[in-house]
Amino acid sequence: MTKAPLAAYPALRLRRLRQADWIRRLVRETVLTPSDLIWSMVVHEGEGQVPVGSMPGVSRLSVKDAAKAAKEARDLGIPAIAVFPHIDGAKKDAAGTLARDPDGLVARAVKAMKDAAPEVGVMCDVALDPFTEHGHDGVVEGGRILNDATIERLVEQGLAQAKAGCDILAPSDMMDGRVGVVRRVLDEAGFTHVPIMSYAAKFASGLYGPFREAAQSTPQFGDRRGYQMDPANAEEALREVALDIEEGADIVMVKPALPYLDLVHRVKERFAYPVAAYHVSGEYSMVKAAAARGWIDETRVVDESLLAIRRAGADIIITYFARDVARRRS
Ligand code: PBG
């Protein structure tokens, strides 16, 4: 890009372009619209809605309410919903068997949502953590999370999701090599049209706490640092992204969003690929908590935060604020 030579003050007065709303609008570089958003949502087996204590304004939804929410998303111009299951503790086991159940909660939620609003995309998480009694994203042996054995389970889960009508598969487990295997198995089964959004650079973050309450997926021993990334590492994150693209990911994700905007930017610059950023549960709850005390203006901070994620280079933002933001814009 060739840049215009800069004049010096007093010829150059940058404030000229900030003096009124009309001119600020004309020179605005980034916009945030409902079309940029994926609405993150937790579903449960029961009836009605169960508020999530650490996420004011977010409830676990019944399958029926999830279908209603899909219609709402359509009416608000939100293109897609990411659905996460809350599984009863009694139904979990060591291997996360229920993850591949063709009539399980996720499958039923996907079908209900697609029936209610076929125009709205539904994205499913390919990961075992909500289904395993130990809460880890994989098959555990001797306290270790086995990579390749986990992939075998993930493939079965992904296939069940595609068969249920899921529009995008999003492997969120961080096992090595899973994107390539999931892609191959989807293709062999005739699902060549189903895109993969990989959680490519997913960090071992303290900001997932509220989600783990919502989905009851807190690890029962240890932590996830053996598979999620070290927050200190950016070059490694770029390698993770490169690998997932080589394996066939259609969209790559950075997660969480705001503390990792350097990576959102670098991934966009380096790969020129569709980039998603996940504004995660802890990022949601921090805003809600401060706003509830009157310390910040929620609307302003949410709009500023999501706009900043877009400015950094994200095409797509996955957020629990999607409905609020879209309502303000419709
Ligand atoms: C793991 C998974 C996580 C989230 C969704 N799926 C991370 C984790 O618990 O380690 C977090 C989402 C959020 O915090 O909003 N498969």
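Residues numbered from 1 in each chain as written. Predicted model: local features only at pLDDT ≥ 70, side-chain atom pairs only at ≥ 80, totals over all residues. Heavy atoms only, no water.

Asks: It is not clear to me how the overall build of the chain should be interpreted in this structure. Could you clarify?
Replies: Of the regular secondary structure elements, the chain holds 11 helices and 12 strands. Its C-alpha atoms give the chain a radius of gyration of 20 Å, within 12% of the compact-globule value 20 Å for 330 residues. For the chain, the spread of C-alpha atoms along the principal axes amounts to about 70 × 40 × 40 Å. Taking all 330 residues of the chain together, the buried fraction comes to 53%. (Helix = DSSP H or I, 4+ residues; strand = E, 2+ residues; numbered from the N terminus. Rg over C-alpha atoms; globule rule 2.2 N^0.38 Å. Buried < 20%, exposed > 50% of the residue type's maximum accessible area, 1.4 Å probe, protein only.)

Asks: Help me understand the packing of aromatic side chains, please; the structure alone is not making it clear to me.
Replies: For any two aromatic rings, the description comes down to two numbers: the centre-to-centre distance and the angle of the planes. Scanning all chains against the criterion turns up 7 aromatic pairs. Plain terms: the ring middles of Phe84 and Phe211 are 5.1 Å apart, the flat faces sit at 80° to each other, and that makes the pair edge-to-face. Remark: Phe211 occurs in helix α6 (residues 209-215) and Phe84 occurs in strand β4 (residues 80-86); sequence separation between them is 127 residues. Both residues of the pair, Phe84 and Phe211, count as buried. Judged by centre distance (6.3 Å) and plane angle (45°), the ring pair of Phe84 and Tyr278 falls under tilted. Here Tyr278 lies in strand β11 (residues 275-279) and Phe84 lies in strand β4, a separation of 194 residues in the sequence. Under the relative-accessibility criterion, Tyr278 is labelled buried at 2%. An aromatic cluster of three or more residues is present, and its members are Phe84, Tyr199, Phe211, Tyr278, Tyr284, Tyr320 and Phe321. (Phe/Tyr/Trp six-rings, centres within 6.5 Å; stacked < 30°, edge-to-face > 60°.)

Asks: Hey, could you run me through the sheet that holds β11 in this one?
Replies: Note on sheets: strands pair through backbone hydrogen bonds, and any given pair is parallel or antiparallel. The strand order across the open sheet built from 8 strands is β8-β5-β4-β1-β12-β11-β10-β9, with neighbouring strands paired in parallel fashion. This sheet does not close on itself; its edge strands, each paired only once, are β8 (168-171) and β9 (197-202). Here the average twist between neighbouring strands, direction ignored, is 30°. Note: strand β1 (residues 37-44) against β4, 7 bridges, orientation parallel. Note that in β4 the partner of Met41 across the bridge is Val83. Helix α7 (residues 235-247) rests against β9 and β10 (251-255) of the sheet, and its axis sits at about 160° to β9. (Pairing = 2+ DSSP bridges. Axes fitted to C-alpha atoms, helices over the stretch in contact; angles between N-to-C directions. Contact = heavy atoms within 4.5 Å.)

Asks: Please explain the site of the ligand as it appears in this structure.
Replies: Near the ligand, the surroundings consist of 18 residues, among which Arg212, Arg224, Gln228, Ser281 and Tyr320 are the closest. Here Ser172 contributes a side-chain N or O atom positioned 2.8 Å from a nitrogen atom of the ligand. Between the ligand and the protein, one listed contact pairs an oxygen atom with a side-chain N or O atom of Arg212 at 2.6 Å. Burial of the ligand by the surrounding chains reaches 100%, relative to a free accessible area of 410 Å². (Near = heavy atom within 4 Å. Polar contact = N/O pair within 3.5 Å; in protein donor to acceptor, adjacent residues only side chain to side chain. Areas by Shrake-Rupley, 256 points an atom, 1.4 Å probe, with all protein chains shown as cover.)

Asks: Where do I start with the environment of Val241 in this structure?
Replies: In this structure, Val241 sits in helix α7. On the basis of relative accessible area, Val241 is assigned to the buried category, the value being 1%.

Asks: Is there a simple way to explain helix α3 (residues 105-116) in this structure?
Replies: The α-helix advances 3.6 residues per turn, and as a result positions three or four apart in sequence lie on the same side. With 12 residues, α3 extends 16 Å from end C-alpha to end C-alpha; this agrees with the ideal 16 Å at 1.5 Å per step. With 9 of 12 residues buried, α3 lies mostly within the body of the structure. Inspection of α3 places Leu105, Val106, Ala107, Ala109, Val110, Ala112, Met113, Lys114 and Ala116 among the buried residues, and these make up the whole buried set. Next to the buried residues of α3 lie β1, α2 (63-76), β4, β5 (121-126) and α4 (147-164). (Expected span 1.5 Å × (residues − 1).)

Asks: Could you clarify how one ought to interpret empty space enclosed by the protein in this entry?
Replies: Take a probe with the size of a water molecule and roll it over the atoms, and the empty space left behind shows itself. If you walk through the whole model with that rule in mind, you get 4 cavities of 30 Å³ or more. Its volume calculated, the largest cavity comes out at about 150 Å³. Going through the elements one at a time, β9 and α6 are the ones with two or more residues in the lining of the largest cavity. Of the residues belonging to the lining of the largest cavity, the class tally is 7 nonpolar, 4 polar and 7 charged. In this structure, the second largest cavity encloses a volume near 70 Å³. Residue lining of the second largest cavity: Leu98, Ala99, Asp101, Gly104, Leu105, Val106, Ala107, Phe131, Gln157, Ala160 and Gln161, and that is the complete set. When contributions to the lining of the second largest cavity are tallied by element, the ones reaching two or more residues are α3 and α4. Looking at the lining of the second largest cavity, its residues break down into 7 nonpolar, 3 polar and 1 charged. (1 Å grid on protein atoms, 1.4 Å probe; cavity = no way out; pocket = protein on both sides within 12 Å on 5 of 7 lines; lining within 4 Å. Points joined across faces, edges and corners; volume = space filled by probe spheres on them. Nonpolar A, V, L, I, M, F, W, Y, C, P; charged D, E, K, R; others polar.)

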